[in-house]
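# Notes for the structure review
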Amino acid sequence: MTIALITGSAGLIGSEASRFFANLGLTVVGIDNDMRRHFFGEDASTAWNRQRLESELQGSYSHQALDIRDTKAINWLFQQYSSDIQLVIHTAAQPSHDWAVRDPQTDFSVNANGTLNLLDATRKFAPEAVFIFTSTNKVYGDRPNTLPLIEEETRWEIDKAHPFASGIDETMSIDQTLHSLFGASKVAADVLVQEYGRYFDLKTACFRGGCLTGPNHSGAQLHGFLAYLMKCTVTGSPYTIFGYQGKQVRDNIHSGDLIRAFHAFFQSPRSGEVYNIGGGRFSNCSMLEAIELCETIAGKKLNWQYSEQNRTGDHIWWISDLTKFQSHYPTWQLTYNVPRILQEIYDYNVARWLPKEYAQ
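Worth saying up front: this structure is predicted, and the values here are computed from it rather than measured.

## Some details on the overall build of the chain
- Counting its regular elements, the chain contains 12 helices and 15 strands.
- Compactness check: the chain gives a C-alpha radius of gyration of 19 Å against a globular reference of 21 Å for 360 residues, within 12% of the reference.
- Overall, the chain is about 55 × 50 × 40 Å in size when its C-alpha atoms are taken along their principal axes.
- Buried residues in the chain amount to 60% of all 360 residues.
- The contacts of the chain with a sequence gap of at least 6 include a subset with a gap of at least 24, amounting to 83%.
- Of the roughly 14,700 Å² of accessible surface on the chain, 48% is carried by carbon and sulfur atoms.
- Taking the 31 positively charged and 39 negatively charged side chains of the chain as two groups, their mean positions are separated by 3 Å.

## Examining the pattern of salt bridges
- Applying the stated rule across the entire model yields 20 salt bridges.
- One salt bridge connects Arg 123 with Asp 120, and the closest N-O pair in it is separated by 3.0 Å. Placement of the pair is Arg 123 and Asp 120 together in helix H6 (residues 104-125), with a separation of 3 residues, close to one helical turn.
- Residue Asp 257 pairs with Arg 260 through a salt bridge whose shortest N-O separation is 2.7 Å. With Asp 257 and Arg 260 both in helix H9 (residues 255-267), this residue pair falls 3 residues apart, about one helical turn.
- With relative accessibility at 0%, the residue Asp 257 sits in the buried group.

## Points about the environment of Phe 131
- Looking at the element boundaries, Phe 131 is found in strand E5 (residues 130-136).
- Given a relative accessible area of 1%, Phe 131 falls into the buried group.
- The spacing of Phe 131 and Arg 260 is 129 residues in sequence and 15 Å in space, taken between C-alpha atoms.
- Once residues lying within four places of it in the same chain are set aside, the contact partners of Phe 131 are Val 88, His 90, Leu 118, Leu 119, Thr 122, Val 193, Lys 203, Thr 204 and Ala 205.

## Some thoughts on the packing of aromatic side chains
- For the structure shown, the criterion picks out 18 aromatic pairs.
- Judged by centre distance (5.5 Å) and plane angle (40°), the ring pair of Phe 207 and Tyr 275 falls under tilted. With Phe 207 in strand E8 (residues 203-209) and Tyr 275 in strand E12 (residues 273-277), the pair connects residues that are 68 residues apart, well separated along the chain.
- Between Phe 265 and Tyr 329 the ring centres are 6.3 Å apart and the planes differ by 65°, which places this aromatic pair in the edge-to-face class. Of this pair, Phe 265 sits in helix H9 while Tyr 329 sits in the loop between helix H11 (323-328) and helix H12 (338-353); the two residues are 64 residues apart in sequence, bridging distant segments of the chain.
- A residue is classified by how much of its surface remains accessible, and Phe 265, at 0% relative accessible area, is buried.
- Grouping aromatic residues by their ring pairs yields a cluster made of Phe 207, Phe 262, Phe 265, Tyr 275, Phe 325, Tyr 329 and Trp 332.
- The ring of Tyr 336 has Arg 340 sitting right over it, with the charged end atom 3.8 Å from the ring centre.
- The ring of Trp 48 has Arg 352 sitting right over it, with the charged end atom 4.0 Å from the ring centre.

The rules behind the values
Residues numbered from 1 in each chain as written. Predicted model: local features only at pLDDT ≥ 70, side-chain atom pairs only at ≥ 80, totals over all residues. Heavy atoms only, no water. Helix = DSSP H or I, 4+ residues; strand = E, 2+ residues; numbered from the N terminus. Rg over C-alpha atoms; globule rule 2.2 N^0.38 Å. Buried < 20%, exposed > 50% of the residue type's maximum accessible area, 1.4 Å probe, protein only. Contact = heavy atoms within 4.5 Å. Areas by Shrake-Rupley, 256 points an atom, 1.4 Å probe, with all protein chains shown as cover. Lys, Arg positive; Asp, Glu negative; His and termini not counted. Charge placed at Lys NZ, Arg CZ, Asp CG, Glu CD. Salt bridge = Lys/Arg side-chain N within 4 Å of Asp/Glu carboxyl O. Phe/Tyr/Trp six-rings, centres within 6.5 Å; stacked < 30°, edge-to-face > 60°. Lys NZ or Arg CZ within 6 Å of the ring centre and 35° of its normal.

Printed below as a string of structure tokens:
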């Protein structure tokens, strides 16, 4: 039996990974205790997605409602499957800047200590497994905001003569910058994943994502940019833009494109690797541009307001340079741009968000 052990399996990336690797013939062991509901409320619960996974994948998927902070439980699970575990995909996290401020202890214990538990269990019980970690571009803190940016009509852009004009690469320093507490806990996890790769020669990689998105995202106000924006547009719920005139830019990578990158690494792994991963120049938008797209797709105006106060440590402009990953895995390419992503989010969720008589 070949096991893919996936944390956060009912979330956006975890569920996409579960389907993908189950369809390749692996048996998926999913770990998810619906902490997202605890973080962001009932509307952000991933229970619906877990139920759909169990129904679709049936015998190819086994669910474990464990807490990754529970060292004994994690060790027990890894010991049950031991060398059958060939792949660990770690997506479980507390993902919000704002929530981390409310409870730094929980944020750090989930993001850092939970990652340490998984790495050490892999080292002890499945040392040949490939370990993939969904890190974040927030490990760079607010350093991207020091780039020479130019204000345009609907977005901020970088000076075309700058070395990062095609996107920010892995040479950007993560040191001496404002990260937010969430960013700091993810830095700790990111460095641990690198260290277990280099020190113990495990096959590990940190994928430092921009905005990860797709139709299975349980978007909430504090996390899930495009999914939450489309949900607010469809349902008429109020939306707040925080700072930067709504011209802040994000690259957006569809969960399917990201999982195919994971698969490429799984097929030819390396040790202690780091990749910036996102939509790059192919798939990015500003807040204002995303709002216009959502309104066009949904046929409704978004009920939004503006707050001058930006979120602490938030990026004004982020576009990933994918050169390093593509040089290691040249057959991988992005397939989803922002309009296609938003259309899919709408098509998959409008009936779930609205009563039947109002769904279009």
